[in-house]
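# Chains, contacts and geometry: an overview
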Amino acid sequence: STVATNLAIAWHEMTKARVLLVDGKLFFGHLGLMLNVRSQNTLADLIPHAHMLDEALVKEVVFEHISGIYVLLSPGDVQVAQGIRSQDLFNVVSGLQRLYDFIVIDTPPALGILTVNALVAATHLLIPVQASYFAIEGTDDLVETYSRIRARPNPDLKLLGVVITLFDRRTNIAKDAVGQIRSVFGTALFKTRISRNVRLEESPAYRQTIFTFAPGSPGAQEYRKLAEEVITRVQADRVARHSQDAA
């Protein structure tokens with residue numbers, strides 16, 4: 001949630017684009033707590049109307065955060081959340097695309113049906129990997145799932161990149177981990193690394209993003225740099241796709 005939230009806000013801050021942050025964790029979601037947002041309306045309210053989303057309904061369900069981004073929360077009711085299918089999330093995201101410039105879907109850290117649902121609905125995949133000894137092993141299943149989804153339900157899904165988080169430049173373990181991650185992902189690895197930072201760890205406890213809690217901190221600066229890289233890659237991919245369509 002930290003990566004998705006701070007990236008979405010940095011994206012809006014730098015481009016003034018209409019950025020929607022979707023809580024894809026459903027009943028496990030923490031976006032409401034992190035952003036200090038409460039709403040009785042959730043993603044589940046849009047599902048019955050996904051094929052013809054009315055702007056008035058969207059305004060009732062989607063919350064405009066003080067940071068300037070828009071937030072679509074997940075249902076807190078477990079039974080309601082468990083009834084949401086991958087096609088439901090796909091239909092809602094597809095219906096919302098015309099209303100927003102970019103949509104960021106926050107997913108659980110563990111690979112499961114909720115993450116698969118998000119991958120089916122997404123155009124790009126961004127993978128955060130902690131700079132720790134065993135972190136790279138946890139990406140094997142995700143990469144395999146990514147390949148399977150590209151093979152059938154979502155052939156347009158593309159790996160946007162991999163970002164290293166919790167990087168501690170003082171330790172050899174972190175440096176070794178970076179080498180391992182680079183050997184696996186190569187040019188997909190973003191140059192920007194999100195360092196282990198006290199302010200970043202404290203900000204969720206105060207229900208603030210890093211940009212309001214400590215806007216001048218190294219963590220805030222790193223997320224802005226990451227957003228620059230993400231924007232550049234997304235724009236380049238859009239140009240490439242348009243060229244292919246034109247051909």
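Below: a short report on this structure. Only a predicted model underlies this, so the values are computations on that prediction, with no experimental measurement involved. (Residues numbered from 1 in each chain as written. Predicted model: local features only at pLDDT ≥ 70, side-chain atom pairs only at ≥ 80, totals over all residues. Heavy atoms only, no water.)

### Describing the environment of I69
Among the secondary structure elements, I69 is positioned in the loop between β2 (63–64) and β3 (70–72). If near-sequence neighbours (up to four positions away) are discounted, I69 is found in contact with A8, I9, H12, V19, L21, F63 and E64. (Helix = DSSP H or I, 4+ residues; strand = E, 2+ residues; numbered from the N terminus. Contact = heavy atoms within 4.5 Å.)

### Some thoughts on the sheet that holds β3
The four strands are arranged β2-β3-β1-β4 in an open sheet whose pairing can be described as mixed. Two strands in the sheet have a free side with no partner beyond their single neighbour: β2 and β4 (102–106). Relative to β3, strand β1 (residues 19–23) is paired through three bridges, and the arrangement is parallel. Looking at the pairing, V22 lines up with L72 of β3. (Pairing = 2+ DSSP bridges.)

### Focus: the sheet that holds strand β7 (residues 189–195)
Strands sit in the order β5-β6-β7 across an open sheet of three strands; the sheet is parallel. This sheet does not close on itself; its edge strands, each paired only once, are β5 (124–130) and β7. Each strand of the sheet is rotated relative to its neighbour by a mean of 25°, with strand direction disregarded. The pairing of β5 with strand β6 (residues 158–167) spans seven bridges and is parallel. Across the sheet, residue Q130 finds its bridge partner in β6, namely T165. The sheet strands contacting helix α8 (residues 172–185) are β5, β6 and β7, and the helix crosses β6 at an angle near 175°. (Axes fitted to C-alpha atoms, helices over the stretch in contact; angles between N-to-C directions.)

### Description of the pattern of salt bridges
Summed over the entire model, instances satisfying the criterion amount to six salt bridges. The salt bridge involving R148 is made with E144; its shortest N-O contact spans 3.3 Å. Taken together, the positions of R148 and E144, both in helix α7 (residues 139–151) and four residues apart, correspond to about one turn of that helix. Using a relative accessible area of 46% as the deciding quantity, one classes E144 as partly exposed. (Salt bridge = Lys/Arg side-chain N within 4 Å of Asp/Glu carboxyl O. Buried < 20%, exposed > 50% of the residue type's maximum accessible area, 1.4 Å probe, protein only.)

On their own, these measurements won't tell you what the molecule is for.
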